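Okay, here's what each chain looks like letter by letter:
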Amino acid sequence: MLKEILSISGKPGLYKLITNTSNAIIVESLLDGKRFPAYSNTKIISLEDISIYTENEDMPLKEVLKRIYDKENGAGILSHKEATEKIQAYFEEVVPEYDKDRVYVSDMRKIVQWYNLLSEKKILDFTEEKK
């Protein structure tokens, strides 16, 4: 699910991997549906490869998104533009064990923004996990 959803440094939103070419990948913006090439000199990361710091071991982003999804029954959540205190309080509810020294409010805002975008586009689906 998250393997083909990408974050591209310097570009807003998230992107879906469409295809590979010899020197770039073709991506489609989840915000406006536009397709364009992303070249290998750009920092591109799959959401599957992202994790957050916790007091024990790093937690995959997928687990954080699943916790939010379960808490909200798949519905959208507060805006990433909410006050810092609201964002922190919400994140504390969902991931109480997050590392308060290494997880910044900007990271929390990004996760909230990504969750809302993925939820709106109906990309979040945790049913395949029950094998």
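Source: prediction; values computed, not measured.

Phi is positive for N73, which is not a glycine, with a value near 55°. Structurally, N73 can be placed in the loop between α1 (61-72) and α2 (84-94). Take N73: its relative accessible area is 71%, and that puts it in the exposed class. With a phi angle near 55°, K122 is a residue other than glycine that sits in the positive phi range.

Before going further, it helps to examine the sheet that holds strand β5 (residues 44-46). Reading across the sheet, the five strands line up as β4-β3-β2-β1-β5 and stay open at both edges, with antiparallel pairing between neighbours. Bordering the open sheet on either side are β4 (35-39) and β5, each of which pairs with just one other strand. If you compare each strand with its neighbour and ignore which way they point, the axes differ by 45° on average. With five bridges joining them, strand β2 (residues 15-20) and strand β3 (residues 24-29) adopt antiparallel strand pairing. Bridge pairing links T19 to I26 in β3.

Every second residue of strand β1 (residues 5-8) is oriented toward a common face, with I5 and S7 on one face and L6 and I8 on the other, all of them buried. Of the pairings in the sheet, the one linking β1 to β2 comprises two bridges and is antiparallel in character. By the bridge assignment, L6 is partnered in β2 with Y15. The turn linking β1 back onto β2 is made up of six residues, and G10 within it adopts a positive phi angle of 85°.

Once that is clear, we can look at the packing of α1 against α2. At a closest axis distance of 10 Å, the pairing of α1 and α2 adopts a crossing angle of 95°. When the axis of α1 is compared with that of α2, the two are roughly perpendicular. Two secondary-structure elements touch here, α1 through V64, R67, I68, K71 and E72 and α2 through Y90, F91, E93 and V94. Split by residue class, the contact of α1 with α2 holds five nonpolar, no polar and four charged.

Basis of the calculations
Residues numbered from 1 in each chain as written. Predicted model: local features only at pLDDT ≥ 70, side-chain atom pairs only at ≥ 80, totals over all residues. Heavy atoms only, no water. Helix = DSSP H or I, 4+ residues; strand = E, 2+ residues; numbered from the N terminus. Buried < 20%, exposed > 50% of the residue type's maximum accessible area, 1.4 Å probe, protein only. Pairing = 2+ DSSP bridges. Axes fitted to C-alpha atoms, helices over the stretch in contact; angles between N-to-C directions. Parallel < 35°, antiparallel > 145°, perpendicular 65-115°, else oblique. Contact = heavy atoms within 4.5 Å. Nonpolar A, V, L, I, M, F, W, Y, C, P; charged D, E, K, R; others polar.

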